[in-house]
Amino acid sequence: MPSFDVVSELDWHEVTNAVDQANREITTRYDFKGVKASYEVKDKSCVVMATEAEVQLRQLSDILNQKLVARGIDLKSLEKEAIVKGNMRVSQEVKMKEGLETDEAKRIIKLIKDSKAKVQAQIQGDQLRVTGKKRDDLQQVMALLRGADLNQPVQFTNFRD
């Protein structure tokens, strides 16, 4: 029976490349001359932005967003935490969401059922398995999910005929 998995994964190599590029850019920018500002990838779950002023933190956020988009990382997978102020430093963690959350998976299942496609969808951990009798039905569901306004970026893996 044909099937595929709907997952939400990040290419961590591209994320670290984007962070490295952003670090290089802030060393060459005039508005960051003499300012201690940096990005740091923290245990493959978040990126920490740190600087001296809140205005600069917004600029750091914009630079990071530009570099991530240029590397093909969807900004829907980012979740910004609260700004932490202290000791003449301002920092903010940017969490990277991986894996489908159960609420989002349920929303996708409802979307598939509302489309009246002849497929079954079931949650398997942090991914979603979609099965159907015809390959065309599965491709129709893929097109539906690509066009849907979801809270997380999704990819399709493990396509079986």
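Residues numbered from 1 in each chain as written. Predicted model: local features only at pLDDT ≥ 70, side-chain atom pairs only at ≥ 80, totals over all residues. Heavy atoms only, no water.

**Student:** Sorry if this is basic, but what is going on with the environment of Ile83 here?
**Tutor:** By the secondary structure assignment, Ile83 is in strand β4 (residues 78–86). Measuring from C-alpha to C-alpha, the distance between Ile83 and Gln155 comes to 31 Å, with 72 residues separating the pair along the chain. Those residues in contact with Ile83, other than ones at most four positions away along the chain, are Glu54, Leu57, Val90, Ser91 and Gln92. (Helix = DSSP H or I, 4+ residues; strand = E, 2+ residues; numbered from the N terminus. Contact = heavy atoms within 4.5 Å.)

**Student:** What is the right way to look at the sheet that holds strand β1 (residues 3–7) in this model?
**Tutor:** Hydrogen bonding along the main chain pairs the strands of a sheet, whether they run parallel or antiparallel. Spatial ordering of the open sheet is given by β6-β7-β1-β8, a layout of four strands whose pairing is antiparallel. The open sheet has two edge strands, β6 (119–124) and β8 (155–160), and neither has a second partner. In this sheet, adjacent strand axes meet at a mean angle of 20° when their direction is disregarded. Where β1 meets β8, four bridges bridge the pair, whose relative direction is antiparallel. When the bridges of β8 are listed, Val7 appears paired with Gln155. Taken strand by strand, helix α3 (residues 102–114) contacts β6 and β7 (127–132), and its axis lies near 175° from that of β6. (Pairing = 2+ DSSP bridges. Axes fitted to C-alpha atoms, helices over the stretch in contact; angles between N-to-C directions.)

**Student:** I would appreciate a short explanation of the sheet that holds strand β5 (residues 89–96) in the present structure.
**Tutor:** Overall, antiparallel pairing links the four strands, which are arranged β2-β3-β5-β4 in an open sheet. Taken across any chain shown, the strands that pair with only one partner, and hence form the sheet edges, are β2 (38–42) and β4. Shown here is a sheet whose adjacent strand axes are inclined to one another by a mean of 20°, direction ignored. As paired strands, strand β3 (residues 46–51) and β5 are joined by six bridges and run antiparallel to one another. Residue pairing for β5: Ala50 is matched across the bridge by Ser91.

**Student:** Even after reading the chapter, I still don't get the pairing of β5, so can you show me in this structure?
**Tutor:** Along a regular strand, successive side chains alternate from one face of the sheet to the other. The side-chain alternation of β5 yields one buried face, formed by Val90, Gln92, Val94 and Met96, and one unburied face, formed by Arg89, Ser91, Glu93 and Lys95. Strand direction decides the pairing type here: β4 and β5, joined by seven bridges, are antiparallel. Opposite Glu79, over in β5, you have Lys95 as the bridge partner. Between β4 and β5, which pair antiparallel in sequence order, lie two residues; one of them, Asn87, sits at a positive phi of approximately 55°. (Buried < 20%, exposed > 50% of the residue type's maximum accessible area, 1.4 Å probe, protein only.)

**Student:** Just checking my understanding: could you explain the packing of α3 against helix α4 (residues 135–147) for this structure?
**Tutor:** Geometry of a packed helix pair, given as the angle between the helix axes and the separation of the axes. Remark: α3 packs on α4, axes separated minimally by 11 Å, with the N-to-C direction vectors making an angle of 125°. Compared by their axis directions, α3 and α4 come out oblique. Seen along the crossing, α3 lies across α4 with a hand that is right-handed. For the pair α3 and α4, contact is made by Ile108, Leu111 and Ile112 and by Val141, Leu144 and Leu145, respectively. Its residues assigned to classes, the contact of α3 with α4 shows six nonpolar, no polar and no charged. (Parallel < 35°, antiparallel > 145°, perpendicular 65-115°, else oblique. Left-handed = near helix turned anticlockwise from the far one by under 90°. Nonpolar A, V, L, I, M, F, W, Y, C, P; charged D, E, K, R; others polar.)

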